[in-house]
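Take a look at the letters that make up each chain.
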Amino acid sequence: MTSICDINEYVMKPHQLHERLSIKEWEHINNDIVILLASSFCLDENTLKYVCKFITLDTYRNLIHARNINGRCAYPMCQSHINTASTMSYSTVDNISQYCNDFHFDCSQFLLTQINKTPLYERVDLHMFKTYNTGEQQENHKISDVTLLEELIRNKSTDNDIFDMLKEITAFQLK
Ligand SMILES: [Zn+2]
């Protein structure tokens with residue numbers, strides 16, 4: 001299981017010397033996150049939201065594939081193992097069989113719409129610990145750019161909200 005502390009310790013620590021990283025350094029970070037989460041899962045929702053700030057869309061796709069290769073449900077919050085016989089071919093389009101259930105497929109699709117779209121070369125300061133170490137309030141604020149489907153369902157339960165949410169997922173899948 002992987003926590004924010006683990007991400008900082010194993011992935012971000014070597015990159016604290018300067019605020020602007022090279023693309024190579026960002027690619028290192030992205031690769032290390034895939035390696036870490038391919039054989040693990042996020043301790044809590046904040047960990048997954050934290051990770052989403054650093055990675056690219058391609059990295060998330062690679063993570064899905066890497067988790068499937070390890071026999072894991074593609075959703076990084078999930079501890080379940082799946083039968084991956086039908087998911088071994090790499091695809092740029094998500095497939096429900098890569099997940100343990102429909103809900104985790106939806107969670108993953110919803111997350112995909114929110115992964116940091118800033119090009120790697122424009123990401124400044126994001127990886128620095130100090131950004132996250134200035135008090136819990138600040139930390140939560142910094143982590144919560146992303147809303148998970150689980151949170152949305154917990155916090156917004158009117159039919160209209162759910163309908164809007166599903167429309168957003170569908171619109172993304174059609175892209
Ligand atoms: Zn799952």
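Residues numbered from 1 in each chain as written. Predicted model: local features only at pLDDT ≥ 70, side-chain atom pairs only at ≥ 80, totals over all residues.

The protein is annotated in an unreviewed UniProt entry as RTR1-type domain-containing protein from Kazachstania africana. What the UniProt record of the protein gives under Sequence similarities (unreviewed entry) is the line "Belongs to the RPAP2 family." (UniProt positions renumbered as here; feature names shortened; annotations may be inferred.)

A.B. asks: Hey, could you go over the nonpolar core for me, with residue numbers and the actual values?
C.D. replies: Ranked by internal contacts, the top residues of the largest apolar core, which has 30 residues, are I7, I33, V51, C52, I55, C73 and Y75. At the level of elements, helix 1 (4-12), helix 2 (23-38), helix 3 (45-54), helix 4 (57-69) and helix 5 (102-112) are the ones that each hand at least two residues to this core. Counting residues per element, this core draws most heavily on helix 3, which supplies five residues. In contact with I7, other than residues within four places in its own chain, are T2, M12, T47, Y50 and V51. (Core = buried A, V, L, I, M, F, W, Y, C linked by C-beta atoms within 7 Å. Buried ≥ 20, exposed ≤ 12 C-beta atoms within 10 Å, placed from the backbone. Helix = DSSP H or I, 4+ residues; strand = E, 2+ residues; numbered from the N terminus. Contact = placed C-beta atoms within 7 Å.)

A.B. asks: With reference to specific residues and values, describe the environment of C42.
C.D. replies: Within the secondary structure, C42 is located in the loop between helix 2 and helix 3. Not counting the four nearest positions on each side in its chain, C42 is found in contact with T2, T47, L48, P76 and M77.

A.B. asks: Pulling in residues and values, what's your account of helix 2?
C.D. replies: It helps to recall that an α-helix has 3.6 residues per turn; residues three or four apart then point in one direction. Over its 16 residues, helix 2 extends 22 Å from the first C-alpha to the last, a length consistent with the 22 Å expected when each residue adds 1.5 Å. Looking only at helix 2, the buried set comprises W26, I29, N30, I33 and L37. Projected onto a plane normal to the axis of helix 2, the buried residues spread over an arc of 95 degrees and lie on a single side. Buried residues in helix 2 make contact with helix 1, helix 3 and helix 4. (Expected span 1.5 Å × (residues − 1). Arc of directions from axis to C-beta.)

A.B. asks: Tell me about helix 4, and please be specific about residues and values.
C.D. replies: Taking 1.5 Å per residue, 13 residues should reach 18 Å; helix 4 reaches 19 Å between its end C-alpha atoms and fits that length. All of the buried residues in helix 4 are T59, Y60, R61, L63, I64, H65, R67 and N68. One or two residues past the end of helix 4 sits G71, with phi positive at roughly 75 degrees.

A.B. asks: Any details on the packing of helix 2 against helix 4? Residues and values, ideally.
C.D. replies: Interhelical geometry of helix 2 versus helix 4 gives an angle of 30 degrees and a closest axis separation of 9 Å. With respect to helix 4, the element helix 2 is oriented roughly parallel. Judged by the sense of rotation from one axis to the other, the crossing of helix 2 with helix 4 is right-handed. Contacts between helix 2 and helix 4 involve N30, I33, V34, L37 and A38 from the first element and T59, N62, L63, A66 and R67 from the second. Taken together, the residues that form the contact of helix 2 with helix 4 break down as six nonpolar, three polar and one charged. (Axes fitted to C-alpha atoms, helices over the stretch in contact; angles between N-to-C directions. Parallel < 35°, antiparallel > 145°, perpendicular 65-115°, else oblique. Left-handed = near helix turned anticlockwise from the far one by under 90°. Nonpolar A, V, L, I, M, F, W, Y, C, P; charged D, E, K, R; others polar.)

A.B. asks: Got a sec to walk through the environment of N83? Specific residues and values, please.
C.D. replies: Here N83 lies in the loop between helix 4 and helix 5. By C-beta crowding, N83 is classed as exposed, having 9 other C-beta atoms within 10 Å. In this structure, the C-alpha to C-alpha distance between N83 and C73, residues ten residues apart in sequence, is 8.9 Å.

A.B. asks: Any details on the confidence of the model for the protein? Residues and values, ideally.
C.D. replies: Scored by pLDDT, the protein comes out at a mean of 84, with 77% of its residues at no less than 70. Per-element confidence in the protein ranges from a low mean pLDDT of 51 for helix 6 (residues 136-143) to a high of 97 for helix 2. Low confidence marks residues 134-141, where pLDDT is under 50. Its contacts with residues over four positions away, or in another chain, come to one contact. (pLDDT = per-residue confidence, 0-100.)

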